Amino acid sequence: MRTGRLVLAVVLGLSLATPAAADTQPWRDARQAPDRRAAELIAAMTLDEKISQLHLQPDAEHQRFVPPIPRLGVPGFRIANGPAGMGPADDKPQKPATALPATMALASTFDTGVARRYGRLIGAETRALAHNVSEAPDINIARVPRNGRTFEGTGEDPVLAGALAAADIRGIQENGTIAEVKHYAANNQETQRFSIDEHIDERTLNEIYLPHFEQAVVEGRAGSVMCAFPKINGVFMCENPALLQGKLRDDWGFEGFVQSDWGAAHSTIGSAAAGMNLEMIDGTWYGDKLKQAVLAGQVTEQRVDELLLPRFRTMFAFGQFDHPPVLSPLPTDRHDAAAKEFAERGMVLLRNEHAQLPLDPSVKSIALIGPFATRAKTGGGGSSAVIPTSTVDPLPGLQQRVPGAAVTLDDGSDVARAAALAGTADVSVVMVGDNETEGKDRPSLALEGDQDALVAAVAAANPHTVVVVKSGGPVLMPWAASVPAILQAWYPGQQDGAAVASVLFGDVNPSAKLPITFPAADADTPANTVSQFPGVDGVATYSEGLQVGYRWFDAQGRAPLFPFGYGLSYTTFAFSGLSVRNTGDGATATFTIRNTGRRAGAEVAQLYLGFPAAAGEPPRQLKGFSRVSLAPGESRRVTIRLDARDFSVWDTAGHAWQPVRGGFTVSVGDSSRSLPLRASLVR
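Sequence order as written defines residue numbering, which begins from 1 separately in each chain. This being a predicted model, a pLDDT of at least 70 is required before a residue's local features are given, and a value of 80 or more before pairs of side-chain atoms are given or counted; all residues contribute to the totals for chains, interfaces and linings. The side-chain figures draw on all heavy atoms in the structure; neither hydrogens nor water molecules are used.

Within an unreviewed UniProt entry, the label attached to the chain reads Beta-glucosidase, and the organism entered is Amycolatopsis lexingtonensis.

Pasting the structure below:
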């Protein structure tokens with residue numbers, strides 16, 4: 001057992017690999033394969049014991065908990081929320097954990113290495129806080145930017161979401177914590193989320209809303225998948241055989257277990273037939289009703305065994321029977337440093353006229369203004385909320401970075417007073433944002449209250465104004481052209497004040513890119529009719545089809561406020577020398593990036609593919625990206641590889657991916673709307 005500040009150890013089960021125990025209970029023998037151990041254990045269980053392991057059993061102290069079976073050495077099973085740190089679980093009171101920046105910030109890094117380290121921290125803390133599963137990552141596509149859980153996701157593109165999800169999952173699972181990718185599938189709005197019926201055509205479902213889940217399972221090897229609340233084409237997800245059995249297990253080879261969202265199960269026989277393995281609530285469907293269905297011959301006991309096997313197999317494979325998690329101290333100093341770095345790496349510089357940023361450390365006075373300037377914005381609301389181990393608020397963050405400056409705080413509640421303060425300072429820093437939360441969608445992308453008026457007044461009073469936006473997704477910025485600098489900080493997590501100060505003063509050169517389009521108006525979004533969102537008579541119609549996010553803006557010829565993939569730096573870069581060639585089933589694109597500025601920095605090269613017109617695809621779609629760090633004046637040759645799938649579309653007649661033949665356009669640049677390199681490719 002680990003030692004440290006916490007001397008109490010909560011052990012979820014006993015070590016099972018003892019030779020004596022293995023003689024009478026062979027599943028205790030760690031030398032056997034996980035499949036065999038799981039089968040041997042299940043064979044020794046009574047029907048009541050089996051059913052007790054198929055649903056949670058909340059009590060006064062535990063909610064997300066499956067109790068142990070001591071006589072068989074089955075450890076208790078505890079589930080914790082994610083995805084930006086260990087959120088609410090079964091502890092009363094909830095234990096503190098590191099509140100990481102929102103996963104929208106992680107998505108903005110376009111960096112799978114950072115995603116893996118982000119996941120590794122979550123997995124380590126979940127295990128250290130004595131839990132088996134982290135319900136993370138949340139990778140639902142941001143179809144509707146007003147979705148109250150946009151902050152929990154990874155943006156609007158399945159290629160980006162899939163790459164980051166696979167890396168995040170590998171990190172979570174490195175030390176024996178099971179990652180649970182969610183919410184499968186198309187959980188894209190909070191309005192009527194328990195019952196909404198999403199009508200999605202087969203091609204759109206397979207090209208937009210499923211590929212990143214496939215990558216999470218196939219490449220990330222997620223140990224668990226959460227089935228979501230909504231219906232898809234009339235069938236609730238947790239009893240959807242086409243998606244749980246056909247797609248997830250048969251097509252993708254998933255071997256882990258499927259757990260329902262909280263109350264997302266709606267049947268006993270249907271859920272069992274479709275392959276839902278664990279009901280996440282109190283056994284409404286998988287408790288007495290399942291037992292009666294077995295006794296009545298409606299569900300076979302063999303099927304019950306088949307439902308149990310994936311979770312037990314996964315637990316054996318992850319070492320959770322032999323070495324159950326125990327309560328251990330968190331390495332808070334190290335994790336604070338990581339949280340700060342993740343926040344810094346995820347901030348997107350949206351505007352920087354006349355090199356307003358980075359700020360000069362010799363500045364004498366700073367007016368720190370706004371409702372998001374008073375305390376750290378550690379995350380959004382709902383099941384992902386983390387109780388932070390510590391926080392750095394904006395004021396001490398700035399004071400620590402520039403101890404010689406006079407930093408005056410005003411919460412912005414009185415616009416005239418705030419503007420007057422701004423007029424007396426060398427620099428004004430205005431912090432605005434939103435408060436997204438699970439359970440409700442935002443009525444508008446506009447900032448609430450007087451925040452727009454506040455920014456306009458402060459900018460008018462001080463030409464040296466920097467706006468820091470702490471939001472979970474896009475917000476409208478009617479004042480964007482009137483302020484010289486805008487930094488999108490997302491929800492920075494518990495190191496908010498320190499991380500923002502580091503970027504503002506140039507200790508860190510921003511390199512992040514937007515994983516979601518920022519529209520200029522509420523109406524400038526793909527799902528802009530009531531039938532599309534929130535739906536009519538309980539049905540949301542995905543009539544925009546493949547035109548989601550930047551694909552819609554490109555297809556409609558609509559100019560966004562800030563495009564997908566966009567983000568500035570304190571240095572500049574140039575792209576040149578694109579060469580593309582076919583390589584068997586795929587292709588390669590090779591080009592040069594040069595740092596043309598005076599500071600070291602990182603650029604994210606993005607490759608977009610345009611299909612032949614007859615294919616019916618949007619004008620361009622992201623197919624690959626590469627993050628490159630360069631010293632001033634340094635150049636590097638970069639290669640992005642494409643495979644056969646990248647040149648394919650979903651064929652609804654054959655219900656499979658079909659290669660497209662003809663002329664393609666390969667475009668490379670630093671955002672979906674800045675693509676200086678272009679080449680043709682015939683396949």
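Next up on the list: the nonpolar core. Here, the term nonpolar core denotes a set of buried Ala, Val, Leu, Ile, Met, Phe, Trp, Tyr and Cys residues that are joined through side-chain atoms within 4.5 Å. Think of it in three bands: with a 1.4 Å probe and only protein chains considered, a residue is buried below 20% of the maximum accessible area for its type, exposed above 50%, and partly exposed in between. With 99 residues, the main nonpolar core has Leu41, Phe77, Tyr184, Tyr209 and Phe312 as its most contacted residues. Strands here are runs of E lasting at least two residues and helices are runs of H or I lasting at least four, both read from the DSSP assignment and numbered beginning at the N terminus. The element best represented in this core is helix H6 (residues 158-172), accounting for seven residues. The contact criterion used is simple: two residues touch if any of their non-hydrogen atoms lie within 4.5 Å. In contact with tyrosine 209, not counting residues within four places along its chain, are Ile141, Arg143, Ala185, Ala186, Asn188, Ile200, Thr204, Tyr542, Glu544 and Val548. Core analysis: the second largest hydrophobic core is formed by 32 residues, Met104, Leu454, Val458 and Ala480 among them.

The sites that carry the UniProt feature "domain: Fibronectin type III-like" (unreviewed entry) are, in the present numbering, residues 603-672. Helix makes up 0% of residues 603-672 and strand 59%, and the two end C-alpha atoms of the span are 14 Å apart. UniProt positions are given in the numbering used here, feature names are shortened, and annotations may be inferred rather than shown by experiment.

Further remarks concern the packing of helix H13 (residues 332-346) against helix H17 (residues 496-504). Working convention: axes come from line fits to C-alpha atoms, limited for helices to the stretch in contact. Angles between N-to-C directions cover 0 to 180 degrees. The N-to-C vectors of H13 and H17 enclose an angle of 45 degrees; their axes lie 9 Å apart at closest approach. Of the possible angle classes, the one that applies to H13 and H17 is oblique. Helix-helix and strand crossings are classified by hand; for H13 and H17 the assignment is right-handed. Of H17, the residues touching H13 (which contributes Lys340, Ala343 and Glu344) are Ala498, Ala499, Ser502 and Val503. Here the term charged refers only to Asp, Glu, Lys and Arg, the term nonpolar to Ala, Val, Leu, Ile, Met, Phe, Trp, Tyr, Cys and Pro, and the term polar to all other amino acids, Gly among them. Across the contact of H13 with H17, the residue classes tally to four nonpolar, one polar and two charged. Note on angle classes: values under 35 degrees are labelled roughly parallel, values over 145 roughly antiparallel, values of 65 to 115 roughly perpendicular, and the remainder oblique. Helix crossings get a hand from a simple test, with the near helix turned counterclockwise from the far one by less than a right angle marking a left-handed crossing and a clockwise turn marking a right-handed one.

Moving on, we come to the pattern of salt bridges. Throughout this description, the term salt bridge denotes a Lys or Arg side-chain nitrogen within 4 Å of a carboxyl oxygen of Asp or Glu. As enumerated under the stated definition, the model contains 40 salt bridges in all. Here aspartate 322 ties to arginine 37 by a salt bridge, and the two come within 2.8 Å at their closest N and O atoms. With aspartate 322 in the loop between helix H12 (301-317) and H13 and arginine 37 in helix H2 (residues 34-43), this residue pair connects regions lying 285 residues apart in the sequence. Assigned by exposure class, aspartate 322 and arginine 37 land together as buried. Residue lysine 340 pairs with glutamate 344 through a salt bridge whose shortest N-O separation is 2.5 Å. You can see lysine 340 and its partner glutamate 344 sitting in helix H13, four residues apart, about one turn around the helix. By sharing partners, the salt bridges in this structure join Asp111, Arg117, Glu341, Arg345 and Arg627 into a single network.

This brings us to the packing of aromatic side chains. When the centres of two rings from Phe, Tyr and Trp lie within 6.5 Å, Trp using its six-membered ring, the rings pair. Their planes under 30 degrees apart give stacked, over 60 give edge-to-face, and anything left gives tilted. This model, assessed by the stated rule, comprises 20 aromatic pairs. Pairing phenylalanine 151 with tyrosine 491 gives two aromatic rings, centres 5.6 Å apart and planes at 50 degrees, and the pair type is tilted. Remark: tyrosine 491 occurs in the loop between strand S15 (485-488) and H17 and phenylalanine 151 occurs in the loop between strand S3 (133-135) and H6; sequence separation between them is 340 residues. For the pair phenylalanine 316 and phenylalanine 321, a centre-to-centre distance of 4.0 Å together with 15 degrees between the ring planes defines the contact as stacked. By the ring-pair criterion, three or more aromatic residues cluster together here, those being Phe110, Tyr550, Phe564, Tyr608 and Phe625. Placement of a positive charge over a ring is assigned whenever Lys NZ or Arg CZ falls within 6 Å of the ring centre and within 35 degrees of the normal to the ring plane. A cation over an aromatic ring shows up here: lysine 289 above the ring of tryptophan 285, its NZ or CZ 4.1 Å from the ring centre. The residue whose ring lies beneath arginine 311 is phenylalanine 77, and the NZ or CZ to ring-centre distance is 4.6 Å.

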